[in-house]
Amino acid sequence: GLEGTNNEMLYGASITKHWEANLHGEVRASIAGAFGPSSIGAATIGGAYLFSTSSFSPYLGAEFGGGVAGNQGGGFAGKAVLGTRIFRTSDAQIDFGLSYLAIFSEGTPGVAGAQLGILF
């Protein structure tokens, strides 16, 4: 959905702050971008539901904010996240996640991603 990519792989980076609001919920604030033949970026805030309180916890969440997608313009952004948190009960955690980021502007450009994260 991102013009100029011809379904080529992009390289991305993100930084996210997580606040555990309770045992099963967290608030997330993210800045994310993907770059290559074209680019997309967004700043979002939202939440995720953590399905378990054990060391291994799957999660599902959504974030909303604003973003821009190459020459397709900018606007309201939405991001869906799905993943697994490992070592959740320790100070340092590992996060395996999938996400889809869309900018609600001309053509609704979007990008799907897989990530490995370290939380500390």
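Thresholds, definitions, all that
- In this numbering scheme, every chain counts its residues from 1 along its sequence in written order.
- Local features in this predicted model are restricted to residues whose pLDDT is 70 or higher, and side-chain atom pairs enter the listing and the counts only when it is 80 or higher, whereas totals over whole chains, interfaces and linings include all residues.
- Just so you know, side-chain values use all the structure's heavy atoms and leave hydrogens and water out.
- A side-chain nitrogen of Lys or Arg and a carboxyl oxygen of Asp or Glu constitute a salt bridge if their distance falls within 4 Å.
- Going along the chain from the N terminus, every DSSP run of H or I of four or more residues is numbered as a helix, and every run of E of two or more is numbered as a strand.
- For each residue, the accessible area found with a 1.4 Å probe, counting protein chains only, is set against the maximum for its type, and the residue is called buried under 20%, exposed over 50%, and partly exposed in between.
- Residues enter patches when they are more than 30% accessible in relative terms and free of salt bridges; like-charged ones are connected within 9 Å and nonpolar ones (Val, Leu, Ile, Met, Phe, Trp, Tyr) within 5 Å.
- For accessible areas, the Shrake-Rupley method is used with a probe of radius 1.4 Å. Any residue's cover is judged against the shown protein chains and nothing else.
- The rule for pairing is simple: two strands pair if DSSP sees at least two bridges between them.
- The definition of a nonpolar core used throughout is a set of buried Ala, Val, Leu, Ile, Met, Phe, Trp, Tyr and Cys residues joined through side-chain atoms within 4.5 Å.
- Contacts between residues were defined by any pair of non-hydrogen atoms, one from each residue, lying within 4.5 Å.
- Only Phe, Tyr and Trp rings are paired, with Trp represented by its six-membered ring, and only when their centres lie within 6.5 Å; those with planes under 30 degrees apart are stacked, over 60 edge-to-face, the remainder tilted.

> How should I be thinking about the pattern of salt bridges in this particular structure?
Opposite charge on two side chains permits pairing when their charged atoms draw close. If you walk through the whole model with that rule in mind, you get 5 salt bridges. With its nearest N and O atoms 3.1 Å apart, the salt bridge here joins Glu26 to Arg85. Here Arg85 lies in strand β5 (residues 74-86) and Glu26 lies in strand β2 (residues 25-35), a separation of 59 residues in the sequence. Across the pair, exposure class does not vary: Glu26 and Arg85 are buried alike. Its salt-bridge partner being Glu63, residue Arg28 comes within 2.7 Å of it at the nearest N-O pair.

> What exactly am I supposed to notice about a nonpolar patch on the surface here?
On the surface, a nonpolar cluster with roughly 510 Å² of combined accessible area is contributed by Tyr49, Phe51, Leu60, Leu82 and Leu98. Note on placement: Phe51 falls in the loop between β3 (39-50) and β4 (56-69).

> So what exactly am I meant to see when it comes to the pairing of strand β1 (residues 11-20) here?
Where β1 meets β2, 10 bridges bridge the pair, whose relative direction is antiparallel. Its bridge partner being in β2, Ile15 is matched across the sheet by Ile31. Two successive antiparallel strands, β1 and β2, enclose a turn made up of 4 residues.

> Is there a simple way to explain the nonpolar core in this structure?
Within the largest apolar cluster, 10 residues are counted, these being Leu2, Leu10, Ala34, Ile40, Ala42, Ala69, Ala77, Leu101, Ile103 and Val111. Elements represented by at least two residues in this core include exactly β3 and β6 (93-104). Apart from the residues within four sequence positions on either side, Ala69 is in contact with Leu2, Ser39, Ile40, Ile103 and Pro109.

> Could you clarify how one ought to interpret unusual backbone geometry in this entry?
What you tend to see is this: most non-glycine residues have negative phi, and most peptide bonds are trans. Although it is not a glycine, Phe87 adopts a positive phi angle of roughly 65°. Locating Phe87 in the fold gives a position in the loop between β5 and β6. Of note, the phi angle at Thr108 is positive, near 45°, even though the residue is not glycine. Its place among the elements puts Thr108 in the loop between β6 and β7 (110-119). You can call Thr108 partly exposed: its relative accessible area is 37%.

> Hey, could you run me through the packing of aromatic side chains in this one?
How two aromatic rings sit relative to each other is set out by the distance from centre to centre and by the angle between their planes. Across all of its chains, the model carries 3 aromatic pairs by this definition. For the pair Phe64 and Phe76, a centre-to-centre distance of 6.1 Å together with 15° between the ring planes defines the contact as stacked. With Phe64 in strand β4 and Phe76 in strand β5, the pair connects residues that are 12 residues apart, well separated along the chain. Here Phe76 and Phe104 contribute two aromatic rings whose centre-to-centre distance is 5.9 Å and whose plane-to-plane angle is 25°, an arrangement assigned as stacked. Of the two residues, Phe76 is situated in strand β5 and Phe104 in strand β6; the sequence distance between them amounts to 28 residues.

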